[in-house]
Amino acid sequence: MEKKKSIVFILNPHSGTQSKMKLPELIDSTLNKEKFCHKVVFTEHPGHAATIASQCAKDNIDIVVAVGGDGTINEVARSIVHSSTALGIIPCGSGNGLARHLCIPLEPRKAIDIINKCKIESLDYGVINDIPFFCTCGMGFDAFISLKFAEAGKRGPITYLENVLKEGLTYKPETYEVADETGTKKYKAYLIACANASQYGNNAYIAPKATMTDGLMDVIVMEPFTAFDAPQISIDLMNRTLDKNSKIKTFRAKSIHIHRNNSGAIHFDGDPIMTGCDIDVHIEPKGIRIITNPDETEDPRQPNQMLTVFSMLFNNINNVREDLEKQGRRIQAINKVLLRKLTGN
(Lines give C-alpha, C1' and ligand atoms only; values in the text may rest on other atoms or scores of the structure.)
Protein backbone atom coordinates (compact mmCIF):
# COMPACT_ATOMS: atom_id res chain seq x y z
CA MET A 1 0.00 0.00 0.00
CA GLU A 2 1.34 3.44 -0.98
CA LYS A 3 2.43 5.61 1.92
CA LYS A 4 0.09 8.49 2.71
CA LYS A 5 1.33 11.97 1.84
CA SER A 6 1.63 14.47 4.68
CA ILE A 7 -0.29 17.69 4.07
CA VAL A 8 -0.62 20.87 6.13
CA PHE A 9 -3.36 23.42 5.41
CA ILE A 10 -2.29 26.95 6.39
CA LEU A 11 -5.44 28.99 6.79
CA ASN A 12 -5.46 32.79 7.02
CA PRO A 13 -8.74 33.72 8.74
CA HIS A 14 -8.43 37.40 7.73
CA SER A 15 -7.70 37.24 3.99
CA GLY A 16 -10.34 37.92 1.37
CA THR A 17 -13.95 38.85 2.01
CA GLN A 18 -15.52 35.67 3.41
CA SER A 19 -15.43 33.70 6.65
CA LYS A 20 -13.31 30.54 6.71
CA MET A 21 -14.42 29.07 10.02
CA LYS A 22 -16.24 26.17 8.29
CA LEU A 23 -13.32 25.24 6.05
CA PRO A 24 -11.57 22.83 8.49
CA GLU A 25 -14.76 20.74 8.60
CA LEU A 26 -15.04 20.85 4.79
CA ILE A 27 -11.39 19.82 4.42
CA ASP A 28 -11.88 16.93 6.83
CA SER A 29 -14.97 15.66 4.99
CA THR A 30 -13.67 16.17 1.41
CA LEU A 31 -9.97 15.29 1.53
CA ASN A 32 -9.09 11.75 0.44
CA LYS A 33 -7.99 10.13 3.72
CA GLU A 34 -6.57 7.12 1.90
CA LYS A 35 -4.03 9.38 0.17
CA PHE A 36 -3.30 12.00 2.84
CA CYS A 37 -2.80 12.53 6.53
CA HIS A 38 -3.52 16.18 7.23
CA LYS A 39 -3.42 19.00 9.74
CA VAL A 40 -5.02 22.48 9.65
CA VAL A 41 -3.15 25.44 11.15
CA PHE A 42 -4.57 28.96 11.51
CA THR A 43 -2.26 31.95 11.08
CA GLU A 44 -2.19 34.36 14.01
CA HIS A 45 -0.35 37.41 12.65
CA PRO A 46 1.25 38.77 9.45
CA GLY A 47 4.22 36.63 8.45
CA HIS A 48 2.99 33.61 10.41
CA ALA A 49 2.14 31.68 7.23
CA ALA A 50 5.77 32.00 6.09
CA THR A 51 7.04 30.72 9.44
CA ILE A 52 4.74 27.69 9.36
CA ALA A 53 5.57 26.88 5.73
CA SER A 54 9.33 27.18 6.32
CA GLN A 55 9.09 24.66 9.16
CA CYS A 56 7.02 22.34 6.97
CA ALA A 57 9.75 22.40 4.32
CA LYS A 58 12.40 21.62 6.96
CA ASP A 59 10.24 18.75 8.21
CA ASN A 60 9.88 17.40 4.63
CA ILE A 61 6.09 17.75 4.64
CA ASP A 62 4.89 16.61 1.21
CA ILE A 63 2.33 19.36 0.57
CA VAL A 64 1.54 22.73 2.12
CA VAL A 65 -1.80 24.23 1.13
CA ALA A 66 -2.28 28.00 1.28
CA VAL A 67 -5.89 28.79 2.19
CA GLY A 68 -6.34 32.50 1.53
CA GLY A 69 -5.58 35.20 -1.00
CA ASP A 70 -2.55 36.01 -3.14
CA GLY A 71 -0.73 37.51 -0.13
CA THR A 72 -1.08 34.30 1.89
CA ILE A 73 -0.14 32.22 -1.15
CA ASN A 74 2.98 34.34 -1.68
CA GLU A 75 3.99 33.94 1.99
CA VAL A 76 3.63 30.18 1.84
CA ALA A 77 5.12 29.71 -1.63
CA ARG A 78 8.25 31.80 -1.08
CA SER A 79 8.99 29.72 2.02
CA ILE A 80 9.07 26.40 0.15
CA VAL A 81 10.84 27.30 -3.13
CA HIS A 82 13.61 24.89 -4.17
CA SER A 83 12.37 22.27 -1.71
CA SER A 84 10.61 18.93 -2.09
CA THR A 85 7.45 20.40 -0.49
CA ALA A 86 4.69 21.17 -3.00
CA LEU A 87 2.22 24.05 -2.87
CA GLY A 88 -1.52 23.50 -2.91
CA ILE A 89 -4.09 26.30 -3.17
CA ILE A 90 -7.59 26.82 -1.83
CA PRO A 91 -8.32 30.35 -3.11
CA CYS A 92 -10.21 32.55 -0.66
CA GLY A 93 -8.91 36.01 -1.49
CA SER A 94 -10.29 39.05 -3.23
CA GLY A 95 -8.32 38.61 -6.48
CA ASN A 96 -7.03 35.01 -6.60
CA GLY A 97 -4.66 35.71 -9.48
CA LEU A 98 -2.46 32.61 -9.23
CA ALA A 99 -5.41 30.27 -8.68
CA ARG A 100 -7.23 31.67 -11.68
CA HIS A 101 -4.13 31.36 -13.88
CA LEU A 102 -3.72 27.73 -12.82
CA CYS A 103 -7.44 27.04 -13.32
CA ILE A 104 -7.94 26.17 -9.65
CA PRO A 105 -11.70 26.43 -8.94
CA LEU A 106 -12.75 29.21 -6.59
CA GLU A 107 -15.28 26.98 -4.85
CA PRO A 108 -13.38 25.37 -1.90
CA ARG A 109 -14.85 21.88 -2.31
CA LYS A 110 -13.75 21.78 -5.97
CA ALA A 111 -10.32 23.13 -5.05
CA ILE A 112 -9.94 20.27 -2.56
CA ASP A 113 -10.92 17.85 -5.34
CA ILE A 114 -7.93 19.18 -7.34
CA ILE A 115 -5.70 18.49 -4.33
CA ASN A 116 -7.11 14.94 -4.15
CA LYS A 117 -5.99 14.38 -7.77
CA CYS A 118 -2.52 15.61 -6.71
CA LYS A 119 -0.94 16.44 -10.07
CA ILE A 120 2.32 18.21 -9.15
CA GLU A 121 4.33 20.28 -11.63
CA SER A 122 7.62 22.17 -11.30
CA LEU A 123 6.88 25.76 -12.34
CA ASP A 124 8.73 29.07 -12.64
CA TYR A 125 8.62 31.91 -10.16
CA GLY A 126 10.00 35.44 -10.24
CA VAL A 127 12.16 37.56 -7.96
CA ILE A 128 12.06 41.36 -7.62
CA ASN A 129 14.81 42.90 -5.49
CA ASP A 130 15.31 39.54 -3.73
CA ILE A 131 11.57 39.12 -3.01
CA PRO A 132 9.86 36.13 -4.71
CA PHE A 133 6.64 36.61 -6.65
CA PHE A 134 4.52 34.01 -8.42
CA CYS A 135 1.99 36.00 -10.47
CA THR A 136 3.13 39.54 -11.16
CA CYS A 137 5.28 42.35 -9.86
CA GLY A 138 5.53 45.92 -11.01
CA MET A 139 6.14 49.60 -10.49
CA GLY A 140 4.40 52.79 -11.43
CA PHE A 141 0.64 53.09 -11.29
CA ASP A 142 -0.16 49.47 -10.35
CA ALA A 143 2.27 49.63 -7.39
CA PHE A 144 0.82 52.99 -6.38
CA ILE A 145 -2.71 51.55 -6.47
CA SER A 146 -1.55 48.49 -4.52
CA LEU A 147 -0.32 50.90 -1.85
CA LYS A 148 -3.67 52.74 -1.80
CA PHE A 149 -5.54 49.41 -1.76
CA ALA A 150 -3.52 48.23 1.24
CA GLU A 151 -4.25 51.49 3.08
CA ALA A 152 -7.98 51.32 2.32
CA GLY A 153 -8.66 48.74 5.03
CA LYS A 154 -11.22 46.83 2.96
CA ARG A 155 -10.86 44.41 0.06
CA GLY A 156 -12.70 43.53 -3.12
CA PRO A 157 -12.92 44.75 -6.72
CA ILE A 158 -15.10 47.75 -5.84
CA THR A 159 -12.41 49.18 -3.54
CA TYR A 160 -9.77 48.53 -6.18
CA LEU A 161 -11.83 50.23 -8.87
CA GLU A 162 -12.57 53.21 -6.62
CA ASN A 163 -8.83 53.78 -6.20
CA VAL A 164 -8.16 53.37 -9.93
CA LEU A 165 -10.84 55.94 -10.83
CA LYS A 166 -9.85 58.37 -8.08
CA GLU A 167 -6.13 58.39 -8.83
CA GLY A 168 -5.91 57.30 -12.47
CA LEU A 169 -6.43 60.57 -14.31
CA THR A 170 -3.98 62.57 -12.17
CA TYR A 171 -1.15 60.02 -11.94
CA LYS A 172 2.01 61.24 -13.69
CA PRO A 173 4.02 58.81 -15.86
CA GLU A 174 7.68 58.24 -15.01
CA THR A 175 10.79 57.70 -17.12
CA TYR A 176 12.43 54.28 -16.84
CA GLU A 177 15.66 52.84 -18.22
CA VAL A 178 15.16 49.12 -18.82
CA ALA A 179 18.15 46.85 -19.49
CA ASP A 180 17.85 43.21 -20.57
CA GLU A 181 19.96 40.70 -22.51
CA THR A 182 19.53 42.74 -25.71
CA GLY A 183 20.53 46.18 -24.38
CA THR A 184 19.03 49.24 -22.69
CA LYS A 185 15.92 51.20 -23.70
CA LYS A 186 14.29 54.27 -22.18
CA TYR A 187 10.53 54.43 -21.73
CA LYS A 188 8.12 57.06 -20.46
CA ALA A 189 5.55 54.80 -18.86
CA TYR A 190 2.42 54.73 -16.76
CA LEU A 191 3.55 51.39 -15.35
CA ILE A 192 5.95 48.53 -15.95
CA ALA A 193 4.76 45.08 -14.96
CA CYS A 194 6.69 41.80 -14.98
CA ALA A 195 4.45 38.77 -15.31
CA ASN A 196 5.26 35.16 -14.49
CA ALA A 197 1.54 34.33 -14.77
CA SER A 198 -1.11 35.94 -16.93
CA GLN A 199 -3.15 38.10 -14.58
CA TYR A 200 -3.29 40.40 -11.58
CA GLY A 201 -6.43 38.69 -10.27
CA ASN A 202 -10.18 39.00 -10.88
CA ASN A 203 -9.44 37.95 -14.49
CA ALA A 204 -7.56 41.19 -15.23
CA TYR A 205 -5.08 39.84 -17.80
CA ILE A 206 -2.01 42.06 -17.79
CA ALA A 207 -0.04 39.43 -19.77
CA PRO A 208 -2.49 37.23 -21.71
CA LYS A 209 0.22 34.96 -23.17
CA ALA A 210 2.35 34.52 -20.04
CA THR A 211 3.14 30.97 -18.94
CA MET A 212 4.87 29.57 -15.86
CA THR A 213 6.80 26.95 -17.82
CA ASP A 214 8.98 28.88 -20.32
CA GLY A 215 11.70 30.26 -18.02
CA LEU A 216 10.81 33.81 -19.12
CA MET A 217 8.77 36.71 -17.80
CA ASP A 218 6.51 38.90 -19.89
CA VAL A 219 7.45 42.56 -19.44
CA ILE A 220 4.60 45.00 -20.04
CA VAL A 221 5.22 48.71 -20.59
CA MET A 222 2.07 50.82 -20.51
CA GLU A 223 2.75 54.12 -22.24
CA PRO A 224 1.02 57.39 -21.24
CA PHE A 225 -2.61 57.57 -22.33
CA THR A 226 -5.57 59.92 -22.14
CA ALA A 227 -8.96 59.58 -20.47
CA PHE A 228 -10.35 58.63 -23.87
CA ASP A 229 -7.95 55.65 -24.06
CA ALA A 230 -8.73 54.35 -20.56
CA PRO A 231 -12.01 52.51 -21.31
CA GLN A 232 -10.47 50.52 -24.18
CA ILE A 233 -7.40 49.65 -22.09
CA SER A 234 -9.69 48.40 -19.30
CA ILE A 235 -11.77 46.33 -21.72
CA ASP A 236 -8.62 44.84 -23.27
CA LEU A 237 -7.37 44.00 -19.77
CA MET A 238 -10.50 41.94 -19.13
CA ASN A 239 -10.77 40.42 -22.62
CA ARG A 240 -7.20 39.10 -22.79
CA THR A 241 -6.36 41.48 -25.65
CA LEU A 242 -4.17 44.00 -23.83
CA ASP A 243 -1.09 42.94 -25.80
CA LYS A 244 -2.82 44.20 -28.97
CA ASN A 245 -3.45 47.70 -27.58
CA SER A 246 -1.35 50.47 -29.20
CA LYS A 247 -0.44 51.91 -25.77
CA ILE A 248 1.16 48.63 -24.67
CA LYS A 249 4.70 47.44 -25.40
CA THR A 250 5.62 43.86 -24.44
CA PHE A 251 8.73 41.70 -24.58
CA ARG A 252 10.07 38.59 -22.83
CA ALA A 253 13.25 38.31 -20.78
CA LYS A 254 14.99 36.11 -18.22
CA SER A 255 16.12 39.12 -16.22
CA ILE A 256 15.94 42.91 -16.38
CA HIS A 257 17.40 45.87 -14.52
CA ILE A 258 15.26 49.01 -14.20
CA HIS A 259 16.45 52.47 -13.21
CA ARG A 260 14.05 55.30 -12.40
CA ASN A 261 14.74 58.85 -11.24
CA ASN A 262 12.94 58.62 -7.90
CA SER A 263 12.40 56.02 -5.21
CA GLY A 264 8.84 54.77 -4.75
CA ALA A 265 6.56 51.77 -4.47
CA ILE A 266 6.90 48.40 -6.12
CA HIS A 267 4.55 45.46 -5.65
CA PHE A 268 4.96 41.69 -5.60
CA ASP A 269 1.72 39.75 -6.11
CA GLY A 270 -0.17 42.88 -5.12
CA ASP A 271 1.70 43.55 -1.86
CA PRO A 272 3.41 46.96 -1.99
CA ILE A 273 6.73 48.06 -0.49
CA MET A 274 8.81 51.20 -0.89
CA THR A 275 12.19 50.83 -2.56
CA GLY A 276 14.90 52.82 -4.30
CA CYS A 277 15.66 53.90 -7.86
CA ASP A 278 17.19 50.59 -9.03
CA ILE A 279 15.12 47.44 -9.42
CA ASP A 280 16.22 43.96 -10.50
CA VAL A 281 13.78 41.31 -11.66
CA HIS A 282 14.52 37.76 -12.82
CA ILE A 283 12.89 34.37 -13.28
CA GLU A 284 13.82 31.20 -11.39
CA PRO A 285 12.95 28.38 -13.81
CA LYS A 286 11.04 25.42 -12.35
CA GLY A 287 11.87 26.57 -8.83
CA ILE A 288 8.62 25.60 -7.09
CA ARG A 289 6.43 22.50 -7.12
CA ILE A 290 2.68 23.26 -7.34
CA ILE A 291 -0.48 21.15 -7.46
CA THR A 292 -2.20 22.06 -10.75
CA ASN A 293 -5.52 21.25 -12.39
CA PRO A 294 -5.05 18.03 -14.43
CA ASP A 295 -7.95 18.99 -16.71
CA GLU A 296 -5.96 22.06 -17.88
CA THR A 297 -9.10 23.95 -18.85
CA GLU A 298 -10.32 27.08 -17.15
CA ASP A 299 -13.45 26.62 -15.08
CA PRO A 300 -16.05 28.66 -17.03
CA ARG A 301 -18.02 29.23 -13.84
CA GLN A 302 -15.25 31.26 -12.22
CA PRO A 303 -16.84 34.68 -11.74
CA ASN A 304 -15.25 37.78 -13.20
CA GLN A 305 -16.34 40.47 -10.76
CA MET A 306 -14.11 43.12 -12.29
CA LEU A 307 -15.63 42.63 -15.74
CA THR A 308 -19.09 43.08 -14.23
CA VAL A 309 -17.97 46.21 -12.40
CA PHE A 310 -16.29 47.68 -15.48
CA SER A 311 -19.37 46.88 -17.59
CA MET A 312 -21.54 48.76 -15.10
CA LEU A 313 -19.08 51.63 -15.13
CA PHE A 314 -18.96 51.93 -18.91
CA ASN A 315 -22.75 51.64 -19.16
CA ASN A 316 -22.99 54.57 -16.75
CA ILE A 317 -20.39 56.51 -18.75
CA ASN A 318 -22.34 55.85 -21.95
CA ASN A 319 -25.58 56.93 -20.29
CA VAL A 320 -23.96 60.16 -19.09
CA ARG A 321 -22.43 60.75 -22.53
CA GLU A 322 -25.82 60.21 -24.22
CA ASP A 323 -27.48 62.61 -21.75
CA LEU A 324 -24.82 65.22 -22.43
CA GLU A 325 -25.23 64.77 -26.18
CA LYS A 326 -29.00 65.24 -25.85
CA GLN A 327 -28.48 68.37 -23.75
CA GLY A 328 -25.95 69.60 -26.30
CA ARG A 329 -28.47 69.13 -29.14
CA ARG A 330 -31.13 71.00 -27.14
CA ILE A 331 -28.74 73.87 -26.47
CA GLN A 332 -27.82 74.02 -30.16
CA ALA A 333 -31.52 74.15 -31.11
CA ILE A 334 -32.18 76.94 -28.59
CA ASN A 335 -29.15 78.86 -29.87
CA LYS A 336 -30.45 78.60 -33.45
CA VAL A 337 -33.86 79.95 -32.39
CA LEU A 338 -32.25 82.86 -30.49
CA LEU A 339 -29.95 83.59 -33.43
CA ARG A 340 -32.91 83.74 -35.83
CA LYS A 341 -34.79 86.12 -33.53
CA LEU A 342 -31.74 88.37 -33.11
CA THR A 343 -30.95 88.51 -36.82
CA GLY A 344 -34.53 88.52 -38.02
CA ASN A 345 -33.83 85.56 -40.37
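Everything that follows concerns the structure shown earlier in this document.
Calculation rules
Residues numbered from 1 in each chain as written. Predicted model: local features only at pLDDT ≥ 70, side-chain atom pairs only at ≥ 80, totals over all residues. Heavy atoms only, no water. Buried < 20%, exposed > 50% of the residue type's maximum accessible area, 1.4 Å probe, protein only. Helix = DSSP H or I, 4+ residues; strand = E, 2+ residues; numbered from the N terminus. Pairing = 2+ DSSP bridges. Right-handed = clockwise from strand over helix to strand, strands pointing away. Contact = heavy atoms within 4.5 Å.

Engineer: Would you mind going over the pairing of strand S3 (residues 63-68) with me for this structure?
Structural biologist: Regular strands show a simple pattern: their side chains alternate between the two faces of the sheet. Among the six residues of S3, six are classified as buried, and the element is accordingly described as predominantly covered. The alternating pattern of S3 places Ile-63, Val-65 and Val-67 on one face and Val-64, Ala-66 and Gly-68 on the opposite face, and all of these are buried. Note: S3 against strand S4 (residues 86-91), six bridges, orientation parallel. When the bridges of S4 are listed, Val-64 appears paired with Leu-87. Read as a crossover between parallel neighbours, the route from S3 over helix H3 (residues 70-78) to S4 is right-handed.

Engineer: Would you take a moment to explain the side chain of His-101 for this structure?
Structural biologist: As for its placement among the helices and strands, His-101 is situated in helix H4 (residues 97-101). Assessed through its relative accessible area of 18%, His-101 is described here as buried. Ignoring any residue separated from it by four or fewer positions in sequence, one finds His-101 in contact with Ala-197, Ser-198, Gln-199, Ala-210 and Met-212.

Engineer: Sorry, what's going on with the environment of Phe-251 here?
Structural biologist: Residue position: Phe-251 is located in strand S12 (residues 248-253). Sequence separation between Phe-251 and Asp-218 is 33 residues, and the spatial gap between their C-alpha atoms is 5.9 Å. Contact partners of Phe-251, with chain neighbours within four places excluded, come to Val-178, Asp-180, Tyr-187, Met-217, Asp-218, Val-219, Val-221 and Ile-256.

Note that every value here comes from positions in space, so none of it alone points to a role or purpose.
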